[in-house]
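One letter stands for each residue in the lines below.
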Amino acid sequence: MKIDVHGIHKNFGTKPVLRGIDLRVAQGEVVAVIGPSGSGKSTLLRCLNLLETPDSGTIRIGDASVDAARIGRREAARLRSKTAMVFQSYNLFRNRTVLQNVSDSITLRRRASRTEAERTGRELLERVGIVDEVVRQYPATLSGGQAQRVSIARALAVEPEAVLFDEPTSALDPELVGEVLSVIRDLADQDTTMVIVTHEMGFAAEVADRVVFMDEGRVVEEGPARDLIGNPRHARTRQFLGQLGDRTVAEPRKPRGIGELDELYLESMVAG
Amino acid sequence: MRFDPAYMWEALPELVRHLPMTLLLAVVSMCFAVLIGLLLALLRFGRVPVLNQFAVGYISFFRGIPTLVQLFLIYFGLPTVIPAASAMDAVTAAILGLSLKQAAYLAEIFRAALASVDRGQYEAGLSTGLTPFQIYRRYILPQASYNALPATGNIFIGLIKETSVVFTLGITELFASAQMYAANNFRYFETYLVVGLVYWAVVVIVGFLLSRLEKRLGLPYQR
């Protein structure tokens, strides 16, 4: 398992946001986390990168692991270095050029000389479809779609074991969503391990190997993407998907038997 | 005695000879004020326990008392309680007083400027494996500087003019030279008009340089 998260609890003040989350992601697997707003899915993602510190639970990513009860500064930095985050609002460094946004993390962490870092940066930007004329521009000049693709390149520059996406298309104009999703799709084809918090059900169904549905700080149900989105088992999942009015959501069919449930679960474990 | 514009030309070079002292006081005080102000702002912004409260108290005190009172306190008052302080010359005392005061104003400007850089960039920095120090140095502080520049420029312009109160400590800067000059020939109106115009000219030049700087630092944010 690339990512192995166990028993994550997190309160904001007295309000419980995560109530015991387990999540496992295999090498090269793409997991989509869906759920209503306030369900804790973004918080879960931010806990993986320790942008939020869980109150309890353990997180292991690659060969770095932390126990929330006692996180040292060193351990935290080590765990953080295993992943990179793509944010809803891009969060590009506004005082740096597109290329510097990508190459900075390489040079600042002394992974390579500036020339090498810039070469890597250019390659990564090319991979996300950013043309040469744009690399010397500043983020303020970019469209939302370009900005998000640059932020994906920046995440890849860290050479993370897994890329975490926090609603990567939610801030985009509808006509720009496609270009970002196609970059993520390419990454999936190249066996990049990804955890994607998303509202794009069609996309989740298409790209994710597995979908996790969260509600009120718990994982309600998880399974292979097409099964969960096309044929959810839990009433709460059906209700949520129904509200979205997504065409990929089928009408609830006959309740499945227990045997089938186990089978689905096993399937997801094997996939993972 | 009638208004005599020609006399103003005579006075000008005599007064401008003392402009360097005014500029020295303003520039050196500003440098210290920026350093102290930044430190205070970071203590406030980072909510460093105890030191944050200290910063709040500092800002309140130095914003609360008149500059003149403060200069007198340092130059005439301190040596009476700390004998060693009598070794301090008037220029040092003036720079100390002006820096400590302006720092209080700058601290609040810098704090607001730091807050104006969205936290998302800090998080993005952490998630690409950078240390908080690297993130502040490379991203947050440069952007905050740009945001703070107009207000900081105003403080500097105010400071240039405020140096005129240090004549009370016996320092011969621009305004003190005007007073002495006028006292010799009773051409008060002409002399003070000249000195006013010199301050104005300096402020206009500084204002021009500031707007150039603002334009240059603002380049990355142009659409």
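All of these numbers come straight from a predicted model, not from anything done at the bench.

**Observations regarding the confidence of the model for chain B**
Caution applies to low-pLDDT regions: their predicted coordinates should not be interpreted in detail. With 100% of its residues at a pLDDT of at least 70, chain B reaches an overall mean of 94. Here the predicted complex scores 0.85 on pTM and 0.85 on ipTM.

**Notes on the interface of chain B and chain A**
Each partner contributes to the interface: chain B provides 20 residues, whereas chain A provides 24 residues. Counting the surface lost from both chain B and chain A, the interface buries some 2000 Å², and carbon and sulfur atoms represent 59% of this. Between arginine 138 of chain B and aspartate 104 of chain A there is a salt bridge, with its nearest N and O atoms 2.9 Å apart. Our count for the contact surface shared by chain B and chain A stands at 10 residue pairs in polar contact (both at pLDDT 80 or more).

**A closer look at the pattern of salt bridges**
Once the charged atoms of two side chains with opposite charge are near each other, the side chains can pair. All names here are of chain A. Considering all chains together, one arrives at 26 salt bridges over all chains under this definition. The closest approach of N and O atoms between lysine 82 and glutamate 161, which form a salt bridge, is 3.9 Å. Taken together, the residues lysine 82 in the loop between helix H2 (73-80) and strand E6 (83-86) and glutamate 161 in the loop between helix H5 (144-157) and strand E7 (162-166) connect sequence positions 79 residues apart. Classification of lysine 82 by relative accessible area gives buried; the value is 12%. Take glutamate 161: its relative accessible area is 25%, and that puts it in the partly exposed class. For the salt bridge of arginine 210 with glutamate 222, the shortest nitrogen-to-oxygen distance reads 2.4 Å. Of this pair, arginine 210 sits in strand E9 (residues 210-215) while glutamate 222 sits in strand E10 (residues 218-224); the two residues are 12 residues apart in sequence, bridging distant segments of the chain. Take arginine 210 and glutamate 222: they sit in the same class, and that class is buried. Residues participating in the shared-partner salt-bridge network are Lys2, Asp63, Arg78, Lys82 and Glu161.

**Topic: the UniProt feature "transmembrane region" (unreviewed entry) in chain B**
Residue and element names in this part refer to chain B. Feature annotation in UniProt assigns "transmembrane region" (unreviewed entry) to the following positions: residues 20-43, 55-75, 81-100 and 189-210. Note that residues 20-43 is 100% helix and 0% strand, and that its end C-alpha atoms are spaced 34 Å apart. Each end of residues 55-75 is marked by a C-alpha atom, and these two atoms are 24 Å apart; helix forms 90% of the span and strand 0%.

**Section: the confidence of the model for chain A**
Residue and element names in this part refer to chain A. Averaged over all residues, the pLDDT of chain A is 88; the fraction at 70 or higher stands at 90%. Here helix H10 (residues 258-271) stands out as the element of chain A with the lowest mean pLDDT, 44, in contrast to E7, whose mean of 97 is the highest. This model gives residues 246-272 a pLDDT under 50, and the stretch forms 32 contacts once residues within four places in sequence are excluded.

**Digging into helix H2 (residues 19-45) of chain B**
Residues and elements named next belong to chain B. Between its first and last C-alpha atoms H2 spans 37 Å; for 27 residues at 1.5 Å apiece the expected length is 39 Å, and the two agree. Taken residue by residue, H2 has Leu19, Thr22, Leu25, Ala26, Ser29, Met30, Ala33, Gly37, Leu40, Ala41, Leu43 and Arg44 as its buried positions. Contacts made by the buried residues of H2 are with helix H1 (5-16), helix H3 (51-64), helix H5 (90-116), helix H7 (132-162), helix H8 (174-185) and helix H9 (188-217).

**Structural notes on the UniProt feature "domain: ABC transporter" (unreviewed entry) in chain A**
The residues that UniProt annotates with the feature "domain: ABC transporter" (unreviewed entry) are residues 3-241 of chain A. The span residues 3-241 of chain A is 38% helix and 26% strand, and its two end C-alpha atoms sit 27 Å from each other.

**Concerning the sheet that holds strand E4 (residues 56-61) of chain A**
Residues and elements named next belong to chain A. Sheet architecture is open: 4 strands sit in the order E2-E1-E4-E5, paired in antiparallel fashion. Unpaired on one side and paired on the other, strand E2 (15-25) and strand E5 (64-67) mark the two borders of the sheet. Averaged over all adjacent pairs, the angle separating strand axes in this sheet is 15°, with direction ignored. Relative to E2, strand E1 (residues 3-12) runs antiparallel, the two sharing 8 bridges. The partner of aspartate 4 across the bridge, within E2, is arginine 24. Across the sheet, H2 touches E4 and E5, and the angle it forms with E5 is around 130°.

What counts and what doesn't
- Residues numbered from 1 in each chain as written.
- Chains lettered and ligands numbered in written order.
- Predicted model: local features only at pLDDT ≥ 70, side-chain atom pairs only at ≥ 80, totals over all residues.
- Heavy atoms only, no water.
- pLDDT = per-residue confidence, 0-100.
- Contact = heavy atoms within 4.5 Å.
- Buried area = accessible area lost by both parts, 1.4 Å probe.
- Salt bridge = Lys/Arg side-chain N within 4 Å of Asp/Glu carboxyl O.
- Polar contact = N/O pair within 3.5 Å; in protein donor to acceptor, adjacent residues only side chain to side chain.
- Helix = DSSP H or I, 4+ residues; strand = E, 2+ residues; numbered from the N terminus.
- Buried < 20%, exposed > 50% of the residue type's maximum accessible area, 1.4 Å probe, protein only.
- UniProt positions renumbered as here; feature names shortened; annotations may be inferred.
- Expected span 1.5 Å × (residues − 1).
- Pairing = 2+ DSSP bridges.
- Axes fitted to C-alpha atoms, helices over the stretch in contact; angles between N-to-C directions.

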